[in-house]
Structure formats: C-alpha cells, structure tokens
Amino acid sequence: MRAYVPKDDVQAKAYYTDRYYVAPQVPKSDVSTDEVFSADLEAIKAKFEVIDSFIQMGQMVVYINAKDNYGVLELMRDELKYTQLSEMSAIDWLAKENKFEIFYQMLSMHKRKRIRIKMFIENGQAVNSVEKLFRSADWSEREMFDMFGIEANNHPFMKRILMPYDWQGFPLLKTYPLEGDEFAAWYEVDKIYGKEARDIIGPELRDTSRVDRYDSERFARLGHEVPKGTKITGNEPKTEQSYQEEGGVFLIKKFDKESSVVVDDPQR
Amino acid sequence: MAQVTNRLTPFFENITFDRVDNELILNFGPQHPSAHGQLRLMLHLQQEQITKAHPDIGYLHRGMEKMAENMIYNEFMPTTDRMDYIASSSNNYGFALAVEKLIDVEVPRRAKVIRMMLLEINRLMSHLFWLATTALDIGAMTVFLFAFREREYLMDIIEGYCGARLTHAAIRIGGVPLDLQDGFIAQLKDFLDKLPQNIKDYEDLLDTNRVWLMRMEEVGTISTELALSWGCTGPMLRASGVAWDIRKEEPYELYDEVEFNVPYSDKGDNFARYRIYMEEMRESAKILYQTIDMYEETVKNNQTELMAHAPKYISAPKLDIMTQNYSLMQHFVLVTQGMRPPVGEVYVATESPKGELGFFINSQGGPYPYRLKLRAPSFWHTGILTDLLPGHYIPDVVSIIGTTNIVFGEVDR
Amino acid sequence: MAQHKINYTQDGGLPVALTSIDKIVNWGRSNSLWALTYGLACCGIEMMASGASRFDFDRYGTIFRASPRQADVMIVAGTLTKKHAEFIKRLYDQMTEPRWVISMGSCANTGGMFNTYATVQGADRIIPVDLYLPGCAPRPETLQYGVMLLQKKIRENKAGNAQRPKRLM
Ligand code: SF4
C-alpha cells in the first residue's frame, strides 16, 4: 500500500532538518518599554479585551478578539491617530489548529509608529468588514476572500478580485498546491475551447527541467531548427543565422557586414 | 487534426445602449494602450460623464505570494524583480531589508552606499518612465522620446553593474554582490550633470503647454482624507498634502546622512502629482551626488566589505568559498537548504518610487517563509480609481490613470 | 545624355522594376508589419523601449497599433495569466489575415519562472505562435532580430496562395 501523505499542507518542506535544531526566536520586548505604545495599549485595554501584546521589531503587536475588530480599528483611527491601514491579510493555520490569523497593519503618521492588530478566527467564520473605516480594506478584504475564502460581513461587494469570478479553490490555502489543482490546470482550455479539446492540446508541461530533443512539438533545437511536428532524425542541417537572404532582398538595401558600424561606446 | 471551434461567445454585454436610464456601460481594457498594463475598467457613463467606475484587476496575477511560500529566501529575490518591473532594485531592496531585519545582520557601509545609488537610479528610471508614458498618453510624443533617451543612459549604467536592463536582481540579502564597475561613477556624473538641463527641457515643453494644463489641472483631485483612507502613499499622498516620505520619517540605509527635501503639494490634482515627480527627480539627483562622495570616502577608508558577515545565514565571499573548506561547506548548505531565520514576524516598509513598499514575513524557523505578504503601493492606487473617477469625463480617465503611476506587476503580484 | 544611362531592367533601375507578384506582395507585407500593443508585463516595457528613441522600431516599418483590426503581428510580451487567456484569443480572432504572432519572453513561451496556478504555461496553448524569443526580458535587440526573422519567413511564403489559416488544433 502507498504510504499515506497528509493533504492538509502541501507546501514545500525542508527535506532535512537537524533533529536537535531549535529555531531561535525574534526577540520580543514588553510594551512598557515604549511610552507611546503603552499609552496606546492602555487606551485599547480600557474598552476592549486584549489577549496578548508585545513589541517586536519596533512595532507593537496586539491580539484582540475577533468580534472587536471594528471597534478597535475605529478607536485607533479616531482617537489614537492611526490614520492608515497599510495592509491586512490572513495567515493560514488550518493544518495546526484549524484557525486563521488575521492581521491589520496600521500606521500613524503623527506618531511615526506602526501597530499590528491581530486576531484569530475559526475556519468558516466571517470577519466584520472595516471597509466603512478604511476604504483600503475594501480591496484587501476582497483579496483575502479570494485567496483564503474568508468572508467579510457587511462588505458591499464580496467577490473575487484577483482570480476570475468562476475560479474554484482558494490559492493561498496551504492545501492548495502551488501548481494548481485539476480545475486550474485546464481552466483556460475549458473556457476557450471546451473540455473536448483537452486531448488535443494536451496537459501542461510543468517539469521545468525537462528537455526532449526528439520532441519537435514542444522544443526547438537551437541551430538545427525544423518545423513543428517534424520527426527528428539527428542529422538536421544547420540553420545559419542571418539577417537577410543570400543575394539580398528585392527593393531593400543589402546588409553589408563590412561596411556597417559596430557601436562600442554606448555613450556615443 | 481534429477541428474544435472557439467557444467564446461574442462579447456584447459590456456595451449596452438604449437603456431606460440612458446609461452606457463601457469596457476599458484589459488590453488598452494607456491602461499601463492590464487594467480593466467598467465605466458607467451618462453622456460623457462617468457615474460609476469599477476597476477589475488580476489579469497579471502570477501567484508570487504562493511562490514565496515554496522557495528559500534567496531564491525569491529574482521574483521580486517582476513586481514593480520599472524599478526592480527597489523591490529587491525591500525584500532584502525585511530579511536582514529578521535575521538581524548589519550591512557594511560600502554596500549601503551602493544600494542607495541603485535605489536612486531606479527612482530616476521609474520617474522618467512615468513621464514618458503619461506624456505619450496625453499626446506629447516628444517628451516620450526625450525621456526614454535619458532612461536608456541609466539602463546602460545599471546594465554595466548587474548585467540586466530590466530585471536587475542587483541586491542580495546581506549586501550587494559586486563592487561598482570601472567608469560607473564617471558615467553617472556625466548623466547627472546633464540631468537638470534635461528636466528643464521637459518642463519647458509641458509646464505651459495648453493641452497639458487642460488635461492636468483640476483633474483627478484627491482630498487628503480620501488618500489616507485608501492607503495611498508616495507621490500620490504627497500631492494631497501629507509630506510623508519613509526615507525621511523612518530612515533606512544612510538616508539620514544625506540631505534632500520632500516635495509636497496640497492641490491633490494631476498637475500636482506631475510637479512632484519632476521635483523628486531633482532630489534624487541631489542624493546621487552625495552618494558619489560617500562612495569615494569608503574607497579612501579602504572599506571593501560588500556582504555582511553572518555565517549562519549568509555565504562567505567568493574568494573564501573557493579557498576555504568551511566556507565552501557552509555555502553548500545555504544554497541547497536555505537559511533558517528565527521564528517571528517582521513588517518592513520602504519608499519605492511608487510609494510604501512593504514586506510582511512570517517565519516559522524553516527555510521557507510561512507567509509572505507583499504590500504593493499600486494596489491601493488602483483601488482609489473607484472613488476618484466618478464625476470625470472619459478623456480624464487616461490622464488620471497616468498620474497614479500604477504598475500591474505590483498590483496583481 | 551619357551620364543618365540607366539600365532599366535591373534592380534599382528606376522607374521600372521587373518582379513577380509574390515578391511585391511579400515586400509590402514584410516591411509594414504593424504590431499590436500587447504589453502584458515586464517584457512589454522592453517592447516599448524598442519602439522608443534609442532602438527606433519605425525603421523596420513596424508601428504599434492599439487596435487588433489594424495589426498584422501580435507581440505577446509578458506573462499570460489564466484570467487573461480568454482575451488573447478574442484579440487574435479580431486580427485580419494574414497575421503572425511573436511570443516574447520566457513567460509567453513556457510560463517562465511563474510555474504557478495562475499562469498559462505558454501562449501557444491558446493561439498559434510563429516565433519564440527567449530571455527574461529579451532585449530590444532580440525583438528587432525576431522581427527580421519574421520578415524573412514572410518573404519565403507564396503570397499568391491563400494564407493557410494557422490553427492551434
Ligand atoms: S519573461 Fe521575464 S521579463 Fe518577460 S514578462 Fe516574464 S518575468 Fe517578465
């Protein structure tokens, strides 16, 4: 029997890891070491429950409950002067704990500080849209839906943004292979020519290192080129490389190698 | 061979005449010469005026974030080139800086100077390209030809350094691979000395040009609130009255040692953006002059190191790899297995020519990033078209898309 | 009169030239290859550069046209994604015969470095391609050499015969 390979994470994996290797941690420091951040954190704590908070790489990370996201971001924008939502997206932890981690990367231009608000949601749970607060979330949330399938409640136009509307599957999930599933592989053929064309066009060639010198359908041999589909015997004549036919072209000046100038100095 | 017919039906649903409300729906793109790539816009029109705009993106979505999760860190570097392919090195730099923060290495001074030079050359290239294409869209063919001429000089300089015209991959995690080639400084100086006159030429052609003014002034005005709310950065934000430049506010590399101004305007219209691009070219030239001096200083002080020394993460210099056994082994491991940064998260923003280019990396201690999110400025600059276009007329669409300076490699990733 | 002696029967002996229909038609076709502006990604920038001041495509008679109806050659410059695939077919169908396709850059040839779910692995899965240009991105010189090769290819065809429609399938 074939060995069972779990399908919940098909990402590339390190093929060798030292058994005793313990990955170091990026240092985290306490929020109280920074005045601005601790004031901000107090303001958030006063109204909402904060699960965890620390400073990493000069940016404060605050974990909140998923239901509070709208309120926290509103507070941040209106009272704490975090006027920009630079980025938001999700991280897939489905294989480990069946959860998504959502982060909102905020920027305050007044304080020159960046904060990352984070929260966990269950698989299948929707988040509250913050599109009313930050217009930029309009597209980020659509992208998040497109890539992870996380829906946002109260979003005006919850549709795919990067992939076509009739796409199936959520590409950034760890269960989705890099090279796409069956649907993705035949998407364009099915759409343009129909399923019956699959046999004629043939499957995609995904092996980047494959070269077959006897296959003139897919490969050309440099210097010995033949028309597509010819049987290759091995003694194809050499294709000479020239800009013009021998003897010149009708009504066109003959290209003369001797009398042409080669520009060596690009600054000429 | 069997003959199978095309199953695509004629595409009429995008043009709807004679609706009761007299609305015309116009499809713009994705193959449109002035869409700067593959932007598709659905425009709802009342006569010539736009009532609703619906940008449709994703026609260049190539799955870079997914690729990053399946690649070792160094392998991903050439892919970042293809994001904002007008100024590739700035993407390389953004990624390199994020990883350097993660693994906590300090880049030697000479490499820093070279990086800054590359960044500013890229900024100049990007702005020149912007000027060329926007001018072409508006009909100023001369400016297009002029600006491309200057861009080619810069391309030559970059090509001499890294061997590629467009996709440079000129920056490595931990430094730069090469020292400047002979003649780099001379060529660059040559170019910079001519630049003010060139910029003046463009301005003479455009600043008082009636057509240019009519298509630029009071068109596409973005208010400060809208710009902030849409997450606009870079020239788009500075044209709307916020003088925010990451090089100044959160200095990285040696930007705190050089002197330059941050041009901004509170008009928010196309013309303001155009002026900002022109002024930024002058500022870049200023920075480049200063980096030339800094470079010569490092030569004088004999600071020849180009890569940071961190054996756990970064290969030794080529000479060591060729001569020393341990360096060779370490290089082999780093190439075949990849470096393993510590567990943690980092978000690093840099000022690319288009705006804030951010790299969010979540590392779980493996050789592949667990999650890499690319924060590309153009994504939001495209999004703002939804709110910006209504109320404008069809010809304004082209000039507005032009001044937003969007690049689709970056929007769709 | 003596200095104006012209051998009218020879090439260049204007105002009379003797030739065959084939040659004159192919001469016309090959020297006015109007290209469709089809910059899809990074390679599109190099395509623009080849049309701009330094490389000057106009001297080949190649002018970029925005409309497929006016174009003879489609230069697929850049990554073709699955979302876009449908449109390339539409545009190809809209071009008038005779038409040619140049696939510029490794992305259009094979999918290139983007071996992912979203990229079409070669434009020739959708439309027939005449010429493949290698490189990522090919330099403008490569594109110009490519156009010269295409001109050569056109000259080799019989113009009199109806162009055999090139089919993918
Ligand atoms: S071949 Fe290279 S340069 Fe051309 S579109 Fe693809 S990635 Fe960009």
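As shown above, the structure is provided for reference.
Right, let's walk through the structure included here. The model shown is predicted, which means the values in this text are computed figures rather than measured ones. (Residues numbered from 1 in each chain as written. Chains lettered and ligands numbered in written order. Predicted model: local features only at pLDDT ≥ 70, side-chain atom pairs only at ≥ 80, totals over all residues. Heavy atoms only, no water.)

Considerations on the interface of chain A and chain B
Part 1 of the reasoning: With 66 residues of chain A at the interface, the matching set in chain B holds 68 residues.
Part 2 of the reasoning: Buried area between chain A and chain B, summed over both chains or domains, comes out near 5700 Å², and the portion from carbon and sulfur atoms is 56%.
Part 3 of the reasoning: Run the count over chain A and chain B and you get ten salt bridges.
Part 4 of the reasoning: Close ionic contact of A:Glu143 with B:Lys373 constitutes a salt bridge, the shortest N to O distance being 3.1 Å.
Part 5 of the reasoning: If you look at where chain A meets chain B, you find 24 residue pairs in polar contact (both at pLDDT 80 or more).
Part 6 of the reasoning: Elements represented by at least two residues in the side of chain A that touches chain B include exactly strand 4 (84–93), strand 5 (99–108), strand 6 (113–122), helix 4 (136–148) and helix 5 (182–192) of chain A.
Part 7 of the reasoning: The element best represented in the side of chain A that touches chain B is strand 4 of chain A, accounting for nine residues.
Part 8 of the reasoning: For the side of chain A that touches chain B, the class distribution of residues is 36 nonpolar, 14 polar and 16 charged. (Contact = heavy atoms within 4.5 Å. Buried area = accessible area lost by both parts, 1.4 Å probe. Salt bridge = Lys/Arg side-chain N within 4 Å of Asp/Glu carboxyl O. Polar contact = N/O pair within 3.5 Å; in protein donor to acceptor, adjacent residues only side chain to side chain. Helix = DSSP H or I, 4+ residues; strand = E, 2+ residues; numbered from the N terminus. Nonpolar A, V, L, I, M, F, W, Y, C, P; charged D, E, K, R; others polar.)

So, the site of the ligand
Part 1 of the reasoning: Around the ligand, the structure places 13 residues, and the nearest of them are C:Cys42, C:Cys43, C:Ser106, C:Cys107 and C:Cys136.
Part 2 of the reasoning: Flanking the ligand are residues from chains B and C.
Part 3 of the reasoning: Here the shell around the ligand is composed, by residue class, of seven nonpolar, five polar and one charged. (Near = heavy atom within 4 Å.)

A closer look at the nonpolar core
Part 1 of the reasoning: Counting residues in each nonpolar core, the largest one holds 217 residues, and the members touching the most others are A:Ile102, A:Tyr104, A:Ile117, B:Phe95 and B:Leu131.
Part 2 of the reasoning: Setting aside chain neighbours within four positions, we find A:Ile102 in contact with A:Met88, A:Ser89, A:Ala90, A:Ile117, A:Lys118, A:Met119, A:Ile121, A:Val127, A:Met144 and A:Ile150. (Core = buried A, V, L, I, M, F, W, Y, C linked by side-chain atoms within 4.5 Å. Buried < 20%, exposed > 50% of the residue type's maximum accessible area, 1.4 Å probe, protein only.)

Structural notes on a nonpolar patch on the surface
Part 1 of the reasoning: A cluster of nonpolar residues, B:Leu136, B:Met141 and B:Leu145, forms a patch on the protein surface that exposes about 220 Å² of accessible area.
Part 2 of the reasoning: For B:Leu145, a relative accessible area of 31% translates into the label partly exposed. (Patch = residues over 30% accessible without salt bridge, like charges linked within 9 Å, V, L, I, M, F, W, Y side chains within 5 Å. Areas by Shrake-Rupley, 256 points an atom, 1.4 Å probe, with all protein chains shown as cover.)

Side note on the environment of A:Pro203
Part 1 of the reasoning: Counting through the fold element by element, A:Pro203 comes out in the segment after helix 6 (198–201).
Part 2 of the reasoning: Given the relative accessible area of 52%, A:Pro203 is considered exposed.
Part 3 of the reasoning: Taking the C-alpha atoms as reference, A:Pro203 lies 38 Å from A:Glu245; in sequence the two are 42 residues apart.
Part 4 of the reasoning: With near-sequence residues (within four places) excluded, A:Pro203 lies in contact with A:Trp186, A:Arg218 and C:Arg125.

Note that every value here comes from positions in space, so none of it alone points to a role or purpose.
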